[in-house]
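# Overview (structure and organization)
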Amino acid sequence: MSNPPAGAPALWCRARASRAFGGFTIAFLAVFLVVALEPLVAPLAGGWAARILQILGAASVAVWVGWRGTAGKQLVEQEVPLAQPSRAPEVLQNLLRLDDHMQERMAETTLTSEKYGTSMVESLTDLVGRSGKLVDYLAQAQQHSDAMQDGIESNARVNAEMAAFVRALPTQISEERNYFRQLLGEVKALSAIAGTIMEISKRTDLLALNAAIEAARVGDAGAGFSVVADEMRRLAGRTNASAAEIEQTISQLSQRVESKFSGEFDQRSHSNEAEAERLLQQALTIDESQVGMRQFYQVMMGAVTGHNTELNHAITELLGTIQYQDVLRQAIGRLTPAMTARGDIFLAMVDAWESQSDLSPLVEQSATAVSEYAANELMHQPVAPSAPGSRGSQLKSVELF
Amino acid sequence: MKSILVVDDSATMVMSVKGTLEIGGYKVETAADGEMALCKLKAGYKPDLIITDINMPKMDGISLIREARKLLRFTPILALTTESQQPKRDEAKKSGATGWLVKPVGGADLMKIVKQVLPGI
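All residue numbers here refer to positions counted from 1 along the written sequence of the relevant chain. Each chain takes a letter, starting from A, and each ligand takes a number, starting from 1, following the order in which they are written. Local features are withheld for residues below a pLDDT of 70 in this predicted model, meaning they are given only at 70 or higher, and side-chain atom pairs are given and counted only at 80 or more; totals for whole chains, interfaces and linings count all residues. The side-chain quantities take in all heavy atoms of the structure and omit both hydrogens and water.

Buried accessible area, meaning the area lost when the parts come together, often serves as the stated size of an interface. Working rule for contacts: check all heavy atoms of both residues, and any pair within 4.5 Å makes them a contact. Of the residues lining the interface, 37 residues belong to chain B; the matching set on chain A comes to 29 residues. Accessible area that two parts lose when put together, evaluated with a 1.4 Å probe and summed over both, is termed the buried area. Taken together, the two surfaces of chain B and chain A that pack against each other cover about 2800 Å², and 60% of this comes from carbon and sulfur. Any carboxyl oxygen of Asp or Glu within 4 Å of a side-chain nitrogen of Lys or Arg constitutes a salt bridge here. Taken together, the connections running from chain B to chain A amount to 3 salt bridges. Note that Arg329(A) and Asp9(B) form a salt bridge whose closest N and O atoms lie 3.7 Å from each other. Two N or O atoms form a polar contact when they lie within 3.5 Å of each other; inside protein one atom must be a possible hydrogen donor and the other a possible acceptor, and for residues adjacent in sequence the pair counts only when both atoms belong to side chains. Taken together, the connections running from chain B to chain A amount to 18 residue pairs in polar contact (both at pLDDT 80 or more).

Confidence along chain B averages 93 in pLDDT terms, with 98% of residues attaining 70 or more. Interface scoring of the predicted complex returns ipTM 0.88; its pTM is 0.57. Each residue gets a pLDDT score, which is the predictor's confidence in that residue and runs from 0 to 100.

Residues and elements named next belong to chain B. Only protein chains enter the accessibility calculation, which uses a 1.4 Å probe; a residue whose area is less than 20% of its type maximum is buried, one above 50% is exposed, and one in between is partly exposed. Helix and strand assignments come from DSSP, with helices taken as H or I runs of at least 4 residues and strands as E runs of at least 2, each series counted from the N terminus. Turning to helix α2 (residues 34-42), its buried residues number three or more, namely Gly-34, Ala-37, Leu-38 and Leu-41. The buried residues of α2 all sit within an arc of 100 degrees when viewed along its axis, so they share a single face. Residues of α2 that are buried in the fold lie against β1 (3-7), β2 (27-31), β3 (49-52) and α3 (61-71). The N-cap residue of α2 is Asp-33: its side-chain oxygen and the backbone nitrogen of Glu-35 are 3.0 Å apart. Immediately beyond the C-terminal end of α2, within one or two residues, lies Gly-44, with a positive phi of roughly 110 degrees. When we speak of the arc, we mean the arc of directions from the helix axis to the C-beta atoms.

Bringing unusual backbone geometry into the picture now. Residues Lys103(B) and Pro104(B) are joined by a peptide bond in cis, for which omega reads -5 degrees. Structurally, Pro104(B) can be placed in the loop between β5 (99-102) and α5 (107-117). The phi dihedral of Gln356(A) is positive, around 55 degrees, even though this residue is not glycine. Assignment of secondary structure puts Gln356(A) in the loop between α7 (324-355) and α8 (360-379).

With that settled, consider the nonpolar core. All names here are of chain B. One finds Leu-5, Val-7, Leu-41 and Ile-50 to be the most contacted residues of the largest nonpolar core, which totals 24 residues. Breaking this core down by element, the ones donating at least two residues are β1, α2, α3, β4 (77-81) and β5. Considering each element in turn, this core owes the most residues, 4 residues, to α3. Once you skip the residues sitting within four places of it in the chain, Val-7 turns out to touch Ala-31, Asp-33, Gly-34, Ala-37, Ile-50, Ile-51, Thr-52, Asp-53, Met-56 and Leu-64. Buried Ala, Val, Leu, Ile, Met, Phe, Trp, Tyr and Cys residues form a nonpolar core when they are joined through side-chain atoms within 4.5 Å.

All names here are of chain A. Overall, the coordinates contain 19 salt bridges over all chains when judged by the stated rule. Residue Arg-278 pairs with Glu-275 through a salt bridge whose shortest N-O separation is 2.8 Å. Placement of the pair is Arg-278 and Glu-275 together in helix α6 (residues 223-322), with a separation of 3 residues, close to one helical turn. Taking the relative accessible area as the measure of exposure, Arg-278 reaches 34% and is therefore partly exposed.

Our next topic: the packing of α7(A) against α8(A). Any two packed helices are characterised by the angle at which their axes cross and by the distance between the axes. Residue and element names in this part refer to chain A. Geometry is summarised by axes, namely lines fitted to C-alpha atoms with helices restricted to the contacting stretch, and by angles between N-to-C directions that run from 0 to 180 degrees. Here α7 crosses α8 at 170 degrees, and the two axes come no closer than 10 Å. Classified by the interaxial angle, the pair formed by α7 and α8 is roughly antiparallel. Contacts from Arg-334, Leu-335, Ala-338, Ala-341, Ile-345, Ala-348, Met-349 and Ala-352 of α7 reach α8 at Leu-362, Gln-365, Ser-366, Ala-369, Tyr-373, Asn-376 and Glu-377. What sets the label is the angle itself: under 35 degrees gives roughly parallel, over 145 gives roughly antiparallel, 65 to 115 gives roughly perpendicular, and the rest give oblique.

As structure tokens, this is what we get:
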């Protein structure tokens, strides 16, 4: 009887126990039948019954021996590869180590998937919330815009009134210019009158000279002096008339100017001042409205820009989280060849058992599969700089050379 | 607007990095492997920055870095990969890489690094 191989020959032990149990059971039953049943059947059937029992017992022993030689032999043959000193346990232990590695990695991957999945859902929820706030804000802005539309229409009316006012100003200025031009003409007329007076004055001087000459002759002919005196009186009359005319003209001019300024011109001027004041107030109102509008749009743009920045930040973080899909893909990609190698080794073991070949190459192969998978995983070991002391903390996730 | 070439065989990664950089105001070109990226560079495309994966079909990231460095002497090249261990980093550094980023990299972190190696948008 062979000794169990080193390692963990549980299967070998089970086979041995099963075979021993079957043989001893049959032998025991045969002896039991011969010994225990013979006293019971002997009084009934006589010696032939005991003989039958002996035959049965012998047959049982024969069957057991036969089984030991045929069926038992077959069982022994089936167990040969297991019973032989084998390196199967080493192969199996390596494959179990590989399984442990893969299970550990799959567990990590599952946890990380859950973490990133949760993170993505949170990011999306945050995005939806921020988008909703932005939409609310834009809806408020829409309401403000509607209100401002009324203000803009009012402003347009004021602008139209201001335009009409300004448009009317040239006509008014033209009319006033004509008035002043006329006044200038009348002043020129006064200048002509002044010229007449000057002429009269010259003639008066001449006559005075003549009068002086004639006076020298007073003694001889006083009549000539009286002629000069008459002429001087006429000149004086003309001078008076001219003076009166000047006075009247100036008076008329004064009245016209007075009526112009105190009447129509004053009225128009006051009207214009009032209209200008009204339009100025409206213009100030428009200006205030525009300032308010500008402030509103500045606030709105600030809020929209802020929301947009937050949205961009949330989107970029979400995009960063999506990268885990590639990390997961590569982790699965590394699992696949390891599982393939594991399957190949199992198949090779079956072949080796059937052909009773040496399992040593499979021991090497399985050990290589384990070390390759472990080394490959080590190369892709997660780096978590945010958790000092954790696995891979000595390596940075970002390194600039 | 500065231009960045993103090289990765994962469509998800390309989408993630491209989206982040475009939000940040950069123009982004993409390639699905090192060979395709190198073709673009040889055709005259001169990005201001290259961000490349390491494990890719046809031509891996280390080879791309080595070849790209011959064409673009001063262009920063960042490796963005799941590989985290030092030997590979050293290999990339020797090939001419500017930095090493381990996936996944958050959007804000990525923008910070890009602005660091590519000042002035």
